[in-house]
Amino acid sequence: MSPHTTSSLRHLGGANTDRAHWLELPGHRTSVRTARRFVSARLSNWRVPEDACANAVLLVSELATNAVLHTLSLRILCGIRLLSDAGLRLEVHDRDDSGRRLPRRVPGPDDEGGRGLLLVQEIADSWGVVPSPLTGGNAVWANLATGL
């Protein structure tokens with residue numbers, strides 16, 4: 001299955017397709033790299049400052065990684081929207097409708113993983129998890145100021 005982009009999904013809000021884009025990806029680890037490239041290219045087109053772009057790429061990387069590693073999703077949706085108040089909204093929707101919740105992790109100093117949502121919490125201006133009206137799973141979102 002190959003990734004494809006669309007502007008037709010409405011969860012990010014607004015009908016302006018120049019300000020919101022989606023990418024549907026297989027639920028594989030290799031899709032995280034594709035999600036990072038997608039966000040980087042879109043932000044470059046929007047002329048988002050380099051530091052905000054780097055933070056957005058890191059955020060979508062962490063959100064997509066969680067979706068492919070910790071859910072039963074065969075496909076995920078990655079969305080990005082340029083907000084009118086000089087910010088971005090990033091979303092990753094999974095298709096895991098099992099209702100199970102991830103246990104809260106406190107990684108030890110030698111653990112290689114388990115810090116993704118801690119990074120999201122530190123970098124994003126706000127973030128959260130809501131049921132996805134698009135996939136039936138979860139939508140994890142993060143807002144980030146761009147300085148535009």
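Residues numbered from 1 in each chain as written. Predicted model: local features only at pLDDT ≥ 70, side-chain atom pairs only at ≥ 80, totals over all residues. Heavy atoms only, no water.

Under an unreviewed UniProt entry, the protein has the name ATP-binding protein and belongs to Streptomyces canarius.

K.L.:
Go over the overall build of the protein, please, and point to the residues and values.
P.N.:
When its secondary structure is counted, the protein shows three helices and six strands. Taken from the N to the C terminus, the helices and strands of the protein come in the order β-β-α-α-β-β-α-β-β. For the protein, the proportion of its 148 residues judged to be buried stands at 44%. Here the analysis covers contacts within the protein between residues at least 6 apart in sequence; of these, 62% occur between residues at least 24 apart. Working note: accessible area of the protein is about 8,300 Å², and carbon and sulfur atoms make up 49% of it. (Helix = DSSP H or I, 4+ residues; strand = E, 2+ residues; numbered from the N terminus. Buried < 20%, exposed > 50% of the residue type's maximum accessible area, 1.4 Å probe, protein only. Contact = heavy atoms within 4.5 Å. Areas by Shrake-Rupley, 256 points an atom, 1.4 Å probe, with all protein chains shown as cover.)

K.L.:
Explain the pattern of salt bridges to me, using residue names and the numbers behind them.
P.N.:
Pairing between side chains becomes possible if they bear opposite charge and their charged atoms approach one another. Tallied over the entire structure, the rule returns three salt bridges. For E24, the salt bridge is made with R95, and the minimal N-O distance between the two is 2.8 Å. On the criterion of sequence distance, the pair formed by E24 in strand β2 (residues 20-26) and R95 in the loop between β4 (87-93) and α3 (116-123) is long-range, its members being 71 residues apart. Overall, R95 belongs to the partly exposed group, its relative accessible area being 32%. Sharing partners across several salt bridges, the network here consists of E24, R75 and R95. (Salt bridge = Lys/Arg side-chain N within 4 Å of Asp/Glu carboxyl O.)

K.L.:
Summarise the confidence of the model for the protein; cite the residues concerned and give the values.
P.N.:
The predicted model of the protein has a mean per-residue pLDDT of 81, with 74% of residues at 70 or higher. Considering only residues more than four positions removed or in separate chains, one finds that residues 1-11, a stretch of pLDDT under 50, has 29 contacts. (pLDDT = per-residue confidence, 0-100.)

K.L.:
Talk me through the environment of W127; I want residue IDs and the actual numbers.
P.N.:
Residue position: W127 is located in strand β5 (residues 126-131). The sequence separation of W127 and N143 amounts to 16 residues, and the corresponding C-alpha distance is 6.2 Å.

K.L.:
Requested: an account of the pairing of strand β3 (residues 75-83), with residues and values cited.
P.N.:
The element β3 is largely enclosed, with a buried count of eight among its nine residues. As judged from the seven bridges shared by β2 and β3, these two strands associate in the antiparallel manner. Note that in β3 the partner of P26 across the bridge is R75. Note: β3 against β4, seven bridges, orientation antiparallel. For I80, the partnering residue across the bridge sits in β4 and is L90. (Pairing = 2+ DSSP bridges.)

K.L.:
I'd like to hear about the pairing of strand β6 (residues 138-145), residue by residue, with values.
P.N.:
The side chains of a regular strand alternate between both faces of the sheet. Counted residue by residue, β6 has six buried out of eight residues, so it is predominantly covered. With seven bridges connecting them, β4 and β6 associate as antiparallel partners. In the strand pairing of β6, G87 is matched with A145. Relative to β6, β5 runs antiparallel, the two being bridged by six bridges. From the neighbouring strand, V129 faces β6, where its bridge partner is V140. Linking β5 to β6, which pair antiparallel, is a turn of six residues; within it G136 sits at a positive phi near 85°.

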